[in-house]
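Chain by chain, the residues:
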Amino acid sequence: RFIIIPIFNWLEKYIASYGLIILILTIIIKIVLLPLTLKSYQSTAKMQVLKPQVDELGKKYPKKEDAMKKQQATMELYKRAGVNPMGGCLPMLLQMPILFAMFRFFPVSIELRQEAFLWATDLSTYDSILTLPFTIPMYGNHVSLFTLLMTGSTLLTMKMTGSSPGSDQPGMKAMMYMMPVMFMVILNNFSSGLTYYYFLANILTFLQNFVSKKMINADAVLAKLEENSRKPVKKSKWQQRLEEAAKQRGINPPKR
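Remember, predicted model here, so these are calculated numbers, not experimental data.

Participant: So what's going on with the pairing of strand 2 (residues 140-144)? Residues and values would help.
Facilitator: The buried fraction of strand 2 amounts to 4 of the 5 residues, a majority that puts the element mostly inside the structure. Relative to strand 2, strand 1 (residues 128-136) runs antiparallel, the two sharing 4 bridges. When the sheet's bridge partners are listed, L130 is paired in strand 2 with V143. Connecting the antiparallel pair strand 1 and strand 2 is a turn made up of 3 residues, with M138 showing a positive phi of about 75°.

Below, the structure written as structure tokens:
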């Protein structure tokens, strides 16, 4: 109401094609979210650099009963290297309100009704390129091309991002690749303006990741992480208070 619609209405004054308006709107949103995206990608790059060391911990603690020890050792490794495991998730979480805003905006946007773009005859409804002789539950009896492009671009972006610690666990990778397929089934009957936006967002994300991957030097990241691991771990104020209280009671704090 306060961001997406005003920008959309402002672009509408100067551009006649709603397909181009959605393209420019997507670029503007991506530029605004760029700092969060870069931070997320940097965190993911650090996790990928540490993945061989995490795999070594998996070999050190192969038994199921040692899962807690493995988890503690992994968290200690991240802490010594100065890596926040949630660093890649938090920026993505902060982007969710915009994703939900676009999800609610396009299907009910009156401006998109009867507006054609490329093969889509109406951006307010699905862009059917093929009518099926049967109906698939949830999917429908047609094939929406923008939905297919959205799914393909999502899988491409996921493949380029690569695996991260934990994604190679049994069933995890299959679940990751099942999500885009589930969204393809669900969004096949949604507004083509929405799936077109998601497709554009995926393409821009792919380009951002490609550029970031070229700019980030894995060896330099590893050297920086090793340098961080050699530094003494800084104690939090809460931990300092606990140790001071323990000293006052005559209890020696554990050595780190």
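Participant: How would you summarise the side chain of T195 if you had to cite specific residues and measurements?
Facilitator: Considering the arrangement of structural elements, one finds T195 in helix 7 (residues 192-215). A distance of 3.2 Å separates the side chain of T195 from the backbone oxygen of S192, its partner in a polar contact. The residues touching T195, leaving out its near neighbours within four places in the chain, are D127, F146, T147, M150 and L187.

Participant: Please set out the nonpolar core residue by residue, giving values where relevant.
Facilitator: Judged by nonpolar contacts, the single largest core of 26 residues is most densely connected at I22 and F106. When near neighbours in sequence (up to four residues on either side) are disregarded, F106 contacts I22, L112, S191, G193, L194 and Y197. Counting 6 residues, the second-largest nonpolar core is a separate cluster that includes L50, V54, L77 and Y78.

Participant: Outline the side chain of T26, listing residues and values.
Facilitator: Its place among the elements puts T26 in helix 2 (residues 18-60). Of the polar contacts made by the side chain of T26, one reaches the backbone oxygen of I22; its length is 2.6 Å. Setting aside chain neighbours within four positions, we find T26 in contact with Y197, L200, A201 and L204.

Participant: Any details on the environment of R1? Residues and values, ideally.
Facilitator: Looking at the element boundaries, R1 is found in the segment before helix 1 (4-12). According to the relative accessible area criterion, R1 is exposed, its value standing at 76%.

What counts, and where the lines are drawn
- Residues numbered from 1 in each chain as written.
- Predicted model: local features only at pLDDT ≥ 70, side-chain atom pairs only at ≥ 80, totals over all residues.
- Heavy atoms only, no water.
- Buried < 20%, exposed > 50% of the residue type's maximum accessible area, 1.4 Å probe, protein only.
- Helix = DSSP H or I, 4+ residues; strand = E, 2+ residues; numbered from the N terminus.
- Pairing = 2+ DSSP bridges.
- Polar contact = N/O pair within 3.5 Å; in protein donor to acceptor, adjacent residues only side chain to side chain.
- Contact = heavy atoms within 4.5 Å.
- Core = buried A, V, L, I, M, F, W, Y, C linked by side-chain atoms within 4.5 Å.

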